[in-house]
Amino acid sequence: MRSISRRNFIGVIGTGAAALGLNVAASPGLEPDPIKTNNDMKTNEQNTNRTVILLAHPAFDRSVANRALVEAVKGLAGVTVIDMYAAPFTQETYRQPLDEASTVVFQFPFHWLSAPSQLKKWCDELFMTDLVKGKKLLVATTTGSEYEAYRSGGRNLFTVDELLRPYQALAHHSGMVWQTPFAVYGMTLPTAAQSLKAGAAAYRELILSLTK
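Summarised in this report is the structure supplied together with it. Keep in mind it's a predicted model, so treat the numbers as computed, not measured.

Our focus in this paragraph is the overall build of the protein chain. Helix and strand content of the protein chain: ten helices and seven strands. Each of the 212 residues in the protein chain was classed as buried or not, and the buried ones make up 51%. Here the contacts in the protein chain between residues at least 6 apart in sequence split such that 81% fall between residues at least 24 apart. Accessible surface for the protein chain amounts to roughly 10,300 Å². Of this, 54% is attributable to carbon and sulfur atoms.

Quick look at the nonpolar core now. Counting residues in each nonpolar core, the largest one holds 34 residues, and the members touching the most others are Phe106, Phe108, Leu119 and Trp122. Of all the secondary structure elements, the ones that give two or more residues to this core are β2 (51-55), α5 (91-100), β4 (103-109), α6 (117-125), α7 (129-132), β5 (136-142), α8 (160-163) and α9 (165-174). Once you skip the residues sitting within four places of it in the chain, Phe106 turns out to touch Leu54, Leu119, Trp122, Cys123, Leu137, Leu138, Val139, Ala140, Tyr167 and Leu170. Judged by nonpolar contacts, the second largest core, of 22 residues, contains Ala72, Val79, Ala192 and Tyr203.

Moving on: the environment of Leu164. Summarising the element assignment, Leu164 is placed in the loop between α8 and α9. By relative accessible area, Leu164 is classed as buried at 1%. For the pair Leu164 and Val139, spaced 25 residues apart in the sequence, the C-alpha separation amounts to 8.2 Å. When residues no more than four places from it in sequence are discounted, the contact partners of Leu164 are Phe108, Phe110, Val139, Trp178 and Pro181.

Moving on: the pattern of salt bridges. Per the counting criterion, the structure on display carries four salt bridges. The salt bridge partner of Glu71 is Lys74, with a shortest N-O separation of 3.1 Å. The exposure class assigned to Glu71 is partly exposed, which follows from its relative accessible area of 41%. Glu146 is paired through a salt bridge with Arg155; the nearest N and O atoms lie 2.6 Å apart. Residue classification places Arg155 among the exposed positions, given a relative accessible area of 55%.

Procedures and definitions
- Residues numbered from 1 in each chain as written.
- Predicted model: local features only at pLDDT ≥ 70, side-chain atom pairs only at ≥ 80, totals over all residues.
- Heavy atoms only, no water.
- Helix = DSSP H or I, 4+ residues; strand = E, 2+ residues; numbered from the N terminus.
- Buried < 20%, exposed > 50% of the residue type's maximum accessible area, 1.4 Å probe, protein only.
- Contact = heavy atoms within 4.5 Å.
- Areas by Shrake-Rupley, 256 points an atom, 1.4 Å probe, with all protein chains shown as cover.
- Core = buried A, V, L, I, M, F, W, Y, C linked by side-chain atoms within 4.5 Å.
- Salt bridge = Lys/Arg side-chain N within 4 Å of Asp/Glu carboxyl O.

Spelled out as structure tokens, the structure:
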């Protein structure tokens, strides 16, 4: 599979994305944070091409959307998936995968306009700033509502990008490099299967682009 840059990737699948239930276009206030030091660059050089996906889904055994995203990237070289609701809740569980990664992904279904509680608990109790500084942070999420619901004047009033700003602030505070959030919309709609198929393919391409 050919290598594509993050910018080119967004351009390729951005056309007609709303119709497919995808959100991949950057918002003006949510460009990747350009904070990098020489030490950060050295760390990333040592940990090139590895991505750790922290999956926060309280009922993954019944999941359709998030399971499809995981299946799309499972087996990719350099990609590790940790089920945060199944793995031991200890620093030892996460220390080595985080240390070896250049990209960290928070993947979860949107629950009440936020992430499931285990991710918040992890950020409160196990987040290790010394291991994530200089690494990329991507949030990947799925929503039940359609794309149009997440905008000014829509049912949910705010865009997903706006609702995810606390994670952007976390990235900024810890010296991580914020990435444009990835969202697959409309998982409760009749068009969910089509949106999910396109979303899973786009997610695989995105993860591949981050690990090359």
